[in-house]
Amino acid sequence: MDGSGDARRITIYRPEDFAGMRAAGHLAAKTLDMIGQHVRPGVSTDELDTIAHDYMLANGAIPACLGYRGYPKTLCISINHVVCHGIPSDRRLVSGDIANIDVTVILDGWYGDSSRMYCAGPPSTKARNLIEVTYEALMLGIAAVKPGAHFGDIGHAIQRFVEGNRYSVVRDFCGHGVGRRFHEPPNVLHYGKPGEGPELKPGMFFTIEPMVNAGRPEVKVLDDGWTAVTRDRSLSAQFEHMVGVTETGVEIFTLSPTGLDKTPYPAA
């Protein structure tokens, strides 16, 4: 099994559909730009969630995560050894915390999905290095996207770089198709072999969102049914962009309009 799903089930969107994805992706990126101004020691993750929720509504969007399969919040905020799907709470950030903030909006029926890493106060050298490798792995995966390539080429580019830097790629979670639905085929693995999986074709929309651990790749899901953590309690980082395959390559829908999606980040 290559994890990419049956190629016949992957939606091929029309050229005119790119406009809807650009708008939704742009709003997701703007939301992440905005929330970064509030990430600092002392703020609670619940407070960040409320700020993002109100911002989405004010911009004509629906928070996609809120109520999705029973999920109780607008954002996923995953701190330190939390890999993904951390639920906002009264937990307050402290200096040195690193956090992935994952946002998905629904704008005019189109989903915009993206996540970034943030630092509350100066991060440790270990944390900063992990963040920078994870970001570069994402961009290398995106660089592998073009018509005629395969989903395995994306995973291979990410895995080779991550493991070459002596980190590990989480296997339990993956990217996904996206468009007028939150999750649809294919599964986009962040490891693999060149030439594996369905062929990339213009009009495919999907996320690439590698989760990278400083220690071993194994994770476990806590009793809340959502929060995934590293089994060895090592730090974890993640970045996510939403992309579309074009006739000549790839378009990133979730780039920050002000360049705030790039590392390194200034400490709050």
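Our subject is the structure listed above.
Quick notes on the rules
Residues numbered from 1 in each chain as written. Predicted model: local features only at pLDDT ≥ 70, side-chain atom pairs only at ≥ 80, totals over all residues. Heavy atoms only, no water. Phe/Tyr/Trp six-rings, centres within 6.5 Å; stacked < 30°, edge-to-face > 60°. Helix = DSSP H or I, 4+ residues; strand = E, 2+ residues; numbered from the N terminus. Buried < 20%, exposed > 50% of the residue type's maximum accessible area, 1.4 Å probe, protein only. Lys NZ or Arg CZ within 6 Å of the ring centre and 35° of its normal. Pairing = 2+ DSSP bridges. Salt bridge = Lys/Arg side-chain N within 4 Å of Asp/Glu carboxyl O. Axes fitted to C-alpha atoms, helices over the stretch in contact; angles between N-to-C directions.

Participant: Residues and numbers for the packing of aromatic side chains, please.
Facilitator: Tallied over the full model, the rule gives 10 aromatic pairs. Each ring, one from Tyr111 and one from Phe182, has its centre 5.5 Å from the other, and the planes form 20°; the classification is stacked. Here Tyr111, found in strand E5 (residues 110-120), pairs with Phe182, found in the loop between strand E7 (175-177) and strand E8 (184-188); they are 71 residues apart in sequence, far enough to count as distant. Taking the relative accessible area as the measure of exposure, Tyr111 reaches 15% and is therefore buried. An aromatic cluster is defined as three or more aromatic residues linked by ring pairs; in this entry it consists of Tyr13, Phe18, Trp110, Phe205 and Phe253. Arg171 extends its terminal NZ or CZ atom over the ring of Tyr191, reaching a point 4.6 Å from the ring centre.

Participant: Break down the pairing of E8 for me, with residues and values.
Facilitator: The side chains of a regular strand alternate, first on one face of the sheet and then on the other. Across the 5 residues of E8, 4 count as buried, placing the element largely inside the fold. In sequence, E7 turns back onto E8 through a hairpin of 6 residues.

Participant: Outline the pattern of salt bridges, listing residues and values.
Facilitator: For the coordinates displayed, the defined rule picks out 11 salt bridges. Between Arg22 and Glu251 there is a salt bridge whose closest N-O contact spans 2.6 Å. With Arg22 in helix H1 (residues 18-36) and Glu251 in strand E15 (residues 250-252), this residue pair connects regions lying 229 residues apart in the sequence. Exposure remark for Arg22: the relative accessible area of 40% places this residue in the partly exposed category. Arg171 is paired through a salt bridge with Glu163; the nearest N and O atoms lie 3.8 Å apart. The exposure class of Arg171 is partly exposed, given its relative accessible area of 34%. On the basis of relative accessibility, which here comes to 37%, the residue Glu163 falls in the partly exposed class. A single network of salt bridges, built from pairs that share partners, joins Arg14, Glu16 and Asp17.

Participant: Outline the sheet that holds strand E11 (residues 219-221), supporting the account with residue identities and numerical values.
Facilitator: Strand order in this open sheet of 3 strands is E3-E12-E11, and the pairing throughout is antiparallel. Of all the strands in the sheet, the pair left with one neighbour each is strand E3 (82-84) and E11. Going across the sheet, the axis of each strand differs from the next one's by a mean of 40°, ignoring polarity. In terms of strand pairing, E11 meets strand E12 (residues 228-230) through 3 bridges, oriented antiparallel. In the sheet register, Val221 faces E12, and the bridge partner there is Ala228.

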